[in-house]
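So the chains spell out like this:
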Amino acid sequence: MLTPDDVPRHFNVASYFVDRNLAEGRADRVALISGADETTYGELAGLVNRIGNVLTDLGVRRGDRVLLALADGVEFVATWYAVQKIGAVSAEVYTFLPAKDFAYYLGYTEATLVVADENTAPKMREAGATKLLVVGESFESLVDKAPDELAAAPTTSDEVTIWKFTTGSTGAPKACPHPTRSPLLSFHNYALGVLDLRADDVVLPVPKLFFGYARDLATLFPFGVGGAGIAFPDRSTPERIFELIAAHRPTILVNVPTMMSAMIAHPGTPDLSCLRLATSAGEALPAELLAKWDARFGVEVLDGIGSSEAYHIYISNRPGRARAGSAGQVVPGYAARITDEDGAPLPDGETGVLEVTGPTTATGYVGDPEKSARTFHGDTVRSGDLFTRDADGYFRYQGRTDDLLKVGGVWVAPKEIEHCLIGHPDVLECVVLGYTDNGLVLPRAHVTVRAGSTVTAAELQTYVKTRLSPHKYPRDVRFHPELPKTASGKIDRRALNLAS
């Protein structure tokens, strides 16, 4: 376990995760796979230096924010590390957002420079970006002429160089600022302490790299051991994921429950024997969905929970001792407890709010002191997520404090109904939301089913009634060809609420 006191006073993220591989003789090892191209650590380090020199020439200084709106690929990875190397602050956004959302991020970050790809650049200009470096336009000519050498900024271990955005599932996304030590601590305590990441690991992420869960697991943590990551610009679909697995034979798949469900439903017999494990995060993994995955693929999945507020994963299952339906146990270096609404600890088995304390807690939400005061208490984060903890220290997600429905005078957790429904052989995805009928709050299920299914709403209602307390069954069932998703791959509950 690594503690903040173990991190050197001066620490630069790019020096450790990129340049150190050259110093330790790994310059010729593959760091990144993108399409048919393989980029070695030596090539990546040179590209990071050239981009860093370009950023400096364009006026980016230590502490300035640089907004990345780039498709996944070597340019994204090298630019992110270049920002770190010069001591600036990296912030990333999803490239498929509309211009109005880019305008929000531009105003919020007050970025000195935006680095975008040529597909995203027009929307960035429409959003009001004035200082823009575009991959496919000016980027290449400037980078090709830049010097290969660049001294790393002498950033300190408590100096903020990373903004991680919340998903925005409960409001406008907010940035959680993190110092240079956060990725190092998460690497040691989670990637090494839980996943046992190895030099021969090749990591394939399902979510895109703007999502810190995927970026760190694919292009930061593997670099800490001389491993490799895979980056691909196109959208993640089951077909594409299976193609990438067949082509590159990764050992770790960074996944989310919605993609797991889609992969299970996909026809054919893909060979996943190269995978030694998969991770799952972003939303709770139902035991029923995990059972379907195990029956189809047999690849061990380590579900966990993390957040932008705490940098990365802080509770996770372990290889060989995962428990279905649980998020696992606390990651080394962290502590977690279940509390009541007043913050008093609750005994094992009772449902309450999860609080996590650890070495990678952010300093608050940028620009939102009121929400910061509610959420952050020193190095403790009050999550707003409802959990139980059992006697063995396994945590189980029960929903969010603002998701509970009072049905017939009794509190009902929508997640319990969702996890039941996903066990039906025809159900691929589902969300349960509350609606009002004659002044009463009732549960409504939004579901997608497998191709060719003839299952009816009544059959799904009966399925729930026979497995849960009868009052918990969904009074209304709506079928959808697909459910809307957020940029991070979660089912977009707000969009469904607005459409209902």
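Located above this text is the structure these notes cover.
What counts and how
Residues numbered from 1 in each chain as written. Predicted model: local features only at pLDDT ≥ 70, side-chain atom pairs only at ≥ 80, totals over all residues. Heavy atoms only, no water. Pairing = 2+ DSSP bridges. Helix = DSSP H or I, 4+ residues; strand = E, 2+ residues; numbered from the N terminus. Axes fitted to C-alpha atoms, helices over the stretch in contact; angles between N-to-C directions. Parallel < 35°, antiparallel > 145°, perpendicular 65-115°, else oblique. Left-handed = near helix turned anticlockwise from the far one by under 90°. Contact = heavy atoms within 4.5 Å. Nonpolar A, V, L, I, M, F, W, Y, C, P; charged D, E, K, R; others polar. Phe/Tyr/Trp six-rings, centres within 6.5 Å; stacked < 30°, edge-to-face > 60°. Buried < 20%, exposed > 50% of the residue type's maximum accessible area, 1.4 Å probe, protein only. Lys NZ or Arg CZ within 6 Å of the ring centre and 35° of its normal. Polar contact = N/O pair within 3.5 Å; in protein donor to acceptor, adjacent residues only side chain to side chain. Core = buried A, V, L, I, M, F, W, Y, C linked by side-chain atoms within 4.5 Å. Disulfide = S-S within 2.5 Å. Expected span 1.5 Å × (residues − 1).

## Here's the deal with the sheet that holds strand β24 (residues 440–449)
Point 1. Taking strand neighbours across the sheet as the criterion, the 3 strands line up as β23-β24-β25 in an open arrangement whose pairing is mixed. The sheet terminates laterally at β23 (427–437) and β25 (476–479), the two strands that pair on one side only. Neighbour to neighbour, the strand axes of the sheet diverge by 25° on average, direction disregarded.
Point 2. Of the pairings in the sheet, the one linking β24 to β25 comprises 4 bridges and is parallel in character. Looking at the pairing, V447 lines up with F479 of β25.

## Notes on the packing of helix α10 (residues 257–265) against helix α11 (residues 287–296)
Point 1. Between α10 and α11, the shortest axis-to-axis distance is 10 Å and the interhelical angle comes to 45°. With respect to their mutual orientation, α10 and α11 come out oblique. In terms of crossing hand, the pair formed by α10 and α11 is left-handed. Contacts between α10 and α11 involve P257, M260, S261, M263, I264 and A265 from the first element and L289, K292, W293 and R296 from the second.
Point 2. Taken together, the residues of the contact of α10 with α11 break down into 7 nonpolar, 1 polar and 2 charged.

## Some words on the packing of aromatic side chains
Point 1. Enumeration over the complete set of coordinates arrives at 23 aromatic pairs.
Point 2. Centroid distance Y16 to F187: 6.4 Å. Interplanar angle 65°. Geometry classified as edge-to-face. Of the two residues, Y16 sits in helix α1 (residues 13–23) while F187 sits in helix α7 (residues 181–192), which places them 171 residues apart along the sequence.
Point 3. The class for Y16 is buried, based on a relative accessible area of 19%.
Point 4. For F187, a relative accessible area of 2% gives the class buried.
Point 5. Between Y81 and F223, the aromatic rings sit 5.9 Å apart at their centres with planes inclined by 25°, giving stacked as the arrangement. Of this pair, Y81 sits in helix α3 (residues 74–85) while F223 sits in the loop between α8 (212–219) and β10 (228–230); the two residues are 142 residues apart in sequence, bridging distant segments of the chain. Of the two residues, Y81 and F223, both sit in the buried class.
Point 6. A cation over an aromatic ring shows up here: K208 above the ring of F232, its NZ or CZ 3.7 Å from the ring centre.
Point 7. When the ring centre of Y463 is taken as reference, the NZ or CZ atom of R467 above it lies at 3.7 Å.

## Structural notes on α1
Point 1. Among the residues of α1, V13, A14, Y16, F17, V18, R20 and N21 are the ones counted as buried.
Point 2. Capping the start of α1 is the job of one residue whose side-chain oxygen sits 3.0 Å from the backbone nitrogen of A14: N12.
Point 3. Following α1 by one or two positions, G25 has its phi on the positive side, about 85°.

## What to know about the packing of α1 against α3
Point 1. For the pair α1 and α3, interaxial distance at closest approach is 7 Å and the crossing angle is 130°. Compared by their axis directions, α1 and α3 come out oblique. Every pair of crossing elements has a handedness; the one defined by α1 and α3 is left-handed. Contacts between α1 and α3 involve V13, A14, F17, V18 and D19 on the former and, on the latter, W80, Y81, Q84 and K85.
Point 2. Among the residues forming the contact of α1 with α3, the class breakdown is 6 nonpolar, 1 polar and 2 charged.

## Notes on the side chain of T155
Point 1. Tracing the backbone shows T155 in the loop between α6 (138–145) and β7 (160–165).
Point 2. A polar contact is formed between the side chain of T155 and the backbone oxygen of F11, at a distance of 2.7 Å.

## Digging into the nonpolar core
Point 1. Counting 157 residues, the largest nonpolar core has L55, Y81, M124 and W293 as the members making the most contacts within it.
Point 2. Among residues more than four places away in sequence, those in contact with Y81 are V13, A14, F17, V18, V48, T219, L220 and F223.
Point 3. Among the nonpolar cores identified, the runner-up in size contains 5 residues, and L433, L483, I491 and L496 belong to it.

## Some details on the sheet that holds strand β9 (residues 202–205)
Point 1. Taken in spatial order, the 9 strands line up as β2-β1-β10-β9-β11-β12-β13-β14-β15 in an open sheet, and their pairing is mixed. Taken across any chain shown, the strands that pair with only one partner, and hence form the sheet edges, are β2 (37–40) and β15 (329–330).
Point 2. Contacts from α10 reach β11 (252–255), β12 (277–280) and β13 (301–306), with the element oriented near 115° to β11.

## Quick word on the state of the cysteines
Point 1. Within the structure shown, the criterion is met by 0 disulfides.
Point 2. Free cysteine: C420, not disulfide-bonded; nearest cysteine sulfur from C430 at 8.9 Å.

## Notes on helix α2 (residues 41–57)
Point 1. The end-to-end C-alpha distance of α2, which contains 17 residues, comes to 24 Å, matching closely the 24 Å that a straight helix rising 1.5 Å per residue would cover.
Point 2. A large share of α2 lies buried, amounting to 12 of its 17 residues.
Point 3. Every buried residue of α2 is accounted for by Y41, L44, A45, G46, L47, V48, N49, I51, G52, N53, V54 and L55.
Point 4. Note on α2: the residue one or two positions beyond its end, G59, has a positive phi of about 100°.

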